[in-house]
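# Structure at a glance
Okay, here's what each chain looks like letter by letter:
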Amino acid sequence: MTKFFVSENEEITETYKGRTGVKLGIPIVSLLFIDDCAQQQKLLDSDEYLLVGKSASKHFSSGIIKANVQKPSDAKAKLLKPLSFANLKSTRVYLYNQESYTVPFFPTHEYEIIKYAWFKKTDKNGSSRFVAIELHVSTASGRASDEKPRPLHRIFTHLGVIQKGVVVDGKHETRKECRFTSNSDSAQQLYSLLCEQQQSEYRQQLSVFPSAVGSNKMISNNISSQISNKDSLSPSLIALVHGTWSDAIGELISLLSVSVERLKLQDIGKAEGILPAIREILDKKRTIARKFEEIFR
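A brief look at the structure comes next. (Residues numbered from 1 in each chain as written. Predicted model: local features only at pLDDT ≥ 70, side-chain atom pairs only at ≥ 80, totals over all residues. Heavy atoms only, no water.)

## So, the pairing of strand β5 (residues 128-138)
Quick note on the threshold: Each residue's exposure class comes from its accessible area (1.4 Å probe, protein chains only) as a fraction of the maximum for that residue type: buried when under 20%, exposed when over 50%, partly exposed otherwise. A run of H or I in DSSP becomes a helix once it reaches four residues, and a run of E becomes a strand once it reaches two; helices and strands are each numbered from the N terminus. Two strands are counted as paired when DSSP detects at least two bridges linking them.
Across the 11 residues of β5, nine count as buried, placing the element largely inside the fold. In this structure, the hairpin formed by strand β4 (residues 111-122) and β5 is closed by a connection of five residues, where Gly126 is found at a positive phi of approximately 95°. In terms of strand pairing, β5 meets strand β6 (residues 153-163) through 10 bridges, oriented antiparallel. Pairing of His136 across the sheet is with Arg154, part of β6.

## Quick word on the pairing of strand β8 (residues 175-181)
Most of β8 sits out of view: five of its seven residues are buried. Here strand β3 (residues 94-95) pairs with β8 via two bridges, running antiparallel. Bridging from a neighbouring strand, Tyr94 pairs with Cys178 of β8. When β6 meets β8, the two strands line up antiparallel, connected through seven bridges. Within β8, the residue paired with Arg154 across the bridge is Phe180.

## Concerning the nonpolar core
Selection criterion: Nonpolar cores are built from buried Ala, Val, Leu, Ile, Met, Phe, Trp, Tyr and Cys residues. Side-chain atoms within 4.5 Å join them into one set. What makes two residues a contact is simply this: any of their non-hydrogen atoms within 4.5 Å.
Judged by nonpolar contacts, the single largest core of 17 residues is most densely connected at Phe130, Phe180, Phe209 and Val213. Those elements giving two or more residues to this core turn out to be β4, β5, β6 and β8. Once residues within four sequence positions are removed from consideration, Phe180 is found in contact with Tyr94, Val103, Pro104, Phe106, Pro151, His153 and Arg154. Counting residues in each nonpolar core, the second largest holds 13 residues, with Leu135, Leu190, Leu194 and Cys195 among its members.

See below:
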């Protein structure tokens, strides 16, 4: 089993642990090595991440005997060069919900989130800038009646600022963008390129998206997940649910406790408004998660 010493201290060899690691031949790498391994989900070559010493090939090449580094022929180089299906610079970017006939059609609800990641950096004032990236695939069936293009994939990005745990909602603080493609390989590559682009400035977060971050479906899914898990409900949300329920029950009790002779036309109007709503909820078996989804949408 390979062992690594992870550190952000460039003077690690001045410490006891650093000197011990060098003595035992343990590679001392930067924290970026862990981030990149987690991003690509595999163990990468540690040579490019070493803080101390040289890789085996570089060390060998610095001596009298040169390392045998062979350059592939032009024909082989073309075969070894990875195929490129996507280019960030040549891919058009649209504002999310942009009203224009040039924007490709993508369904509002009939899609799935197949990949997502978010990145964050914090400034000296305590505010955090974030970039959330999602890969969507359309599940809509049928053909469009118009001639508007209907790509199968959408790469959604949300750039914004978090202050005191709350996403700042402003034209200059937040921006939502979309890129479209009908090729699954291009979609995967665009998503990966966007994630790699953030690595130099932001740090990838392993937690779920914060509240109000991401697409409407991502926000809805996170709310539903919190509602279904009672232990994760915040005290303020529990108080809101309890208060709403108490108000509804109290209103019904106050109406039902009045005798028929004393009922007013206004009371009957209230009942006519409440009863159909209750029946609709029972018929459609709506859950409280769906109600909160509509409230916070």
